[in-house]
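# Inside the fold
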Amino acid sequence: MAGFEYPRQLRILTGEGFKRVFDQVSLKVPDQPILILARFNELDHPRIGFVISKKNVRRAVKRNRIRRIIRESFRLNQHRLPPVDIVILARRGLDELEPEELHQLMKKCWSRLKHKAKKANPQK
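These numbers were taken from a predicted model, which means no experiment stands behind them.

## Thoughts on the nonpolar core
Here is a general trend for soluble globular proteins: nonpolar side chains tend to be buried in one another's company. In this structure, I48, I70, I86, I88, W110 and L113 are the most contacted members of the largest nonpolar core, which totals 29 residues. Contributions of two or more residues to this core are made by β1 (27-31), β2 (34-40), β3 (47-51), α2 (60-77), β4 (84-90) and α3 (99-120). Sort the elements by how many residues they give to this core and α3 lands first, with 7 residues. With near-sequence residues (within four places) excluded, L113 lies in contact with L27, V29, A38, L81, V84 and I86. Formed by 7 residues, the second largest nonpolar core is a distinct cluster that contains F18, V21, L37 and L89.

## Some words on the pairing of β3
Buried residues dominate β3, accounting for 4 of its 5 residues. For β3 and β4, the ladder comprises 5 bridges, and the chain directions are parallel. Among the inter-strand pairings, V51 is bridged to a residue of β4, identified as L89. Handedness of the crossover is the feature at issue here: the chain leaves β3, passes through α2, returns alongside β4, and the resulting connection is left-handed.

Here is what the cut-offs are and how they apply
- Residues numbered from 1 in each chain as written.
- Predicted model: local features only at pLDDT ≥ 70, side-chain atom pairs only at ≥ 80, totals over all residues.
- Heavy atoms only, no water.
- Core = buried A, V, L, I, M, F, W, Y, C linked by side-chain atoms within 4.5 Å.
- Buried < 20%, exposed > 50% of the residue type's maximum accessible area, 1.4 Å probe, protein only.
- Helix = DSSP H or I, 4+ residues; strand = E, 2+ residues; numbered from the N terminus.
- Contact = heavy atoms within 4.5 Å.
- Pairing = 2+ DSSP bridges.
- Right-handed = clockwise from strand over helix to strand, strands pointing away.

Below is the structure:
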């Protein structure tokens, strides 16, 4: 399926990339088990990074499952998202969601992010 890849350029790979988002948050999408922080980038596509602490999601298997499901959701929705750097922060209880519930949550969050980005930056 062309156009639905997940190459390195769609990821925030450096501490500097994460720091830029944390220091200059333009968009916040809070939800009970997750917080999405985003800032507009100078690229023509969104990028994503994850912060899933052991404190909030104890088991590595669950942290990896969460990352996989959100990454897949991002991959399928990347063309609908604005050009922003996105950091996903896991909150306590995220690991208790079933995979389908997490997919639905992300779908809702992507929609809210898109809507907030349009309001914050109408020319995009």
